[in-house]
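The residues making up each chain are set out below.
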Amino acid sequence: MNSMRANLHSKVHNWMDRMGFRLNSAKTSPKSKTTTKHYFFETFNFLEKTRAGEPEKTSFVCFDTYGEKLKVRSLLDLQTAFYENISQLK
């Protein structure tokens, strides 16, 4: 299971680099050693939460301008939400 989560982490980062997502902000909680990063592309946003040194425990949550949230369990979940959001803009 750990390798699946680490694999999701690398797949998501490779995809977002190709698409042109930008890092909007990053905050680290010194107490829990958790880093929350906010990425965006036009009106689509998602959060990445990871603990220091544990990329296999990274979690992703995406949301749009309408406040809809989706926990990302696979790259396909993220891509589907992204393309639905982009198609609504037209």
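Just above sits the structure.
Throughout what follows, the structure given in this document is the object of discussion. (Residues numbered from 1 in each chain as written. Predicted model: local features only at pLDDT ≥ 70, side-chain atom pairs only at ≥ 80, totals over all residues. Heavy atoms only, no water.)

1. Some words on the pattern of salt bridges
Our working rule: Think of a salt bridge as a Lys or Arg side-chain nitrogen and an Asp or Glu carboxyl oxygen that are within 4 Å of each other. Accessible area is worked out with a 1.4 Å probe on protein chains only. A residue is then buried under 20% of its type maximum, exposed over 50%, and partly exposed in between.
Here the structure, examined in full by the defined rule, presents 1 salt bridge. Across the pair Lys 57 and Glu 54 runs a salt bridge, and its minimum N-O distance is 4.0 Å. Judged by its relative accessible area of 53%, Lys 57 falls in the exposed class.

2. Observations concerning unusual backbone geometry
Rule in force here: Helix numbering and strand numbering both begin at the N terminus, where a helix is a DSSP run of H or I of at least 4 residues and a strand a DSSP run of E of at least 2.
Positive phi values are uncommon outside glycine, yet Lys 33 reaches one of about 55°. Following the sequence through the fold, Lys 33 ends up in the loop between β1 (22–29) and β2 (34–41). On the basis of relative accessible area, Lys 33 is assigned to the exposed category, the value being 53%. If you check the backbone angles, Glu 42 has positive phi at about 55° while not being a glycine. As for its position among the elements, Glu 42 is in the loop between β2 and β3 (44–51). Residue classification places Glu 42 among the exposed residues on the basis of a relative accessible area of 54%.

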